[in-house]
There are 2 protein chains.
Amino acid sequence: MQRMTRQRAAVSDALEDLDDFRSAQQLHEILRRRGDNVGLATVYRTLQSLADGGDVDVLRTEEGENLYRRCERREHHHHLVCRVCGRTVEIDGPTVEAWANQVGTSHGFVDIQHTIELFGTCAGCADAASAQD
Amino acid sequence: MQRMTRQRAAVSDALEDLDDFRSAQQLHEILRRRGDNVGLATVYRTLQSLADGGDVDVLRTEEGENLYRRCERREHHHHLVCRVCGRTVEIDGPTVEAWANQVGTSHGFVDIQHTIELFGTCAGCADAASAQD
DNA sequence: GCCTTCTTGAGAATGGATGTCAAAACCGTT
DNA sequence: AACGGTTTTGACATCCATTCTCAAGAAGGC
C-alpha cells in the first residue's frame, strides 16, 4: 500500500508550484534549494509513480530526457510547448483522437495508442527574438 | 564533403533490405552476421547523418532507444507501428498537419512542429494472441 | 602515386535512469 | 506511546544507449 512520506509530499508540492515541464534532476535541485532534502533516486521513483497514477504527465525531450508536469486536467490530452521558455498549453483534440483510431482500424490494427506533441515558439519568445535583430 | 565509404554503403544497403524500424545495435549485429564488419560508432554516425539528410526516419521507443527505417516516401509522414512485430505502415495525414498548425497559431505560437506516432497491434499479431487463449 | 582531408574503430567517457540493500520512516495495532 | 511488520529512503553502484577521442586508415582530387 502507498504510504505518505515527507519526500512524496515535497515532490508533489514542488510540482504544484511549477507550471512547466521539469526533469527529475531539476526537481531534485529545486527541492534541495528549498531545504527539502530528497534523494535523487526517490525523486525519480516518486515521479514515476505519479506518472503511473496519471497524476503527472510525462514528456520526452529530443535529447531523451523525461520531463514531468502536473496538469490541469486529468483526462487524456496533449501539449503545445514553447521550445524556448517551456510555456505549456494543454490541448484536447477530439479530432485527432478520432483520426488516430480511424487510421489504425482501417489498417487492421487494434488497441491504437498515439503520441502527439506540438512544439513551437510562443508569442512572447518570438517577439523577444525579433527584437534582437 | 561527404565521402562514399564501404561502411556507409553497407549500412545503407542493410536498411534497404529491411522493412521495419531497427536500432543502431541491431543493424550493427546484422552487418556483422553478413560479414560486413563496421564499427558500432560508425553505424551510429552513419544513421545520424542519414537521418539528418532525411534519408531515413527515426522513431523513439518507450525505452528511449532510437530506431531507424528507410521509408518509401521522403516527404513528411507519420507511422503506424505494430507494437508486437514492428510492422510499419506509413501514414500521411493532411488533416492532422492542418490541425496541428491551426491549434498552434490559435495560441499565438509560430514555427509549429509536431510529433505524431501511432502504435497498435496488427491484425496478424492480434489473431496470434487470441489463438493462444 | 601523392597528399590533404574525411572517416573509421576500439575503447573511454557521458548522462539519464534504475538496481541494491541496510537503515529509517509509516502507520495500524496493542 | 511504544511495537513491529512492511514500505520507503538514500548513497552508491550499475546499466545502457549514445557520443567522444584520436591515432591509424581510406577517399578521391591532382
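Everything numeric here is computed off the predicted structure, so don't read it as measured data.

1. What to know about the protein's contact with DNA strand D
Here comes step 1: Close contacts around DNA strand D come from 22 residues, with Arg3(A), Thr5(A), Arg8(A), Arg45(A) and Asn66(B) the closest.
Here comes step 2: Of what DNA strand D places within 4 Å of the protein, 66% of the atoms are sugar or phosphate.
Here comes step 3: Note that a phosphate oxygen of DNA strand D is positioned 2.9 Å from one of the backbone N or O atoms of Gly39(A).
Here comes step 4: Backbone polar atom of Asn66(B) to a phosphate oxygen of DNA strand D: 2.8 Å apart, as the coordinates give it.
Here comes step 5: When residues of the surface near DNA strand D are traced back to their parent elements, those giving at least two are α1 (6–17) and α3 (40–52) of chain A together with α3 (40–52) of chain B.
Here comes step 6: Looking at which element gives the most residues to the surface near DNA strand D, the answer is α3(B), with four residues.
Here comes step 7: The residue makeup of the surface near DNA strand D, split by class, is six nonpolar, nine polar and seven charged.

2. Section: the relation of the copies chain A and chain B
Here comes step 1: Mapping chain A onto chain B is achieved by rotating through 180° and translating by 0.0 Å along the same axis, at an RMSD of 0.1 Å. Each copy turns onto its partner about a two-fold axis. Taking C-alpha positions as reference, the residue of chain A nearest the rotation axis is Ile116(A), located at 2.2 Å.
Here comes step 2: Taken as a fraction of all interface residues of chain A, those also at the interface in chain B reach 100%, which identifies the copy contact as same-surface.

Scoring rules and cut-offs
- Residues numbered from 1 in each chain as written.
- Chains lettered and ligands numbered in written order.
- Predicted model: local features only at pLDDT ≥ 70, side-chain atom pairs only at ≥ 80, totals over all residues.
- Heavy atoms only, no water.
- Near = heavy atom within 4 Å.
- Polar contact = N/O pair within 3.5 Å; in protein donor to acceptor, adjacent residues only side chain to side chain.
- Helix = DSSP H or I, 4+ residues; strand = E, 2+ residues; numbered from the N terminus.
- Nonpolar A, V, L, I, M, F, W, Y, C, P; charged D, E, K, R; others polar.
- Least-squares fit on C-alpha atoms with pLDDT ≥ 70 in both.
- Contact = heavy atoms within 4.5 Å.

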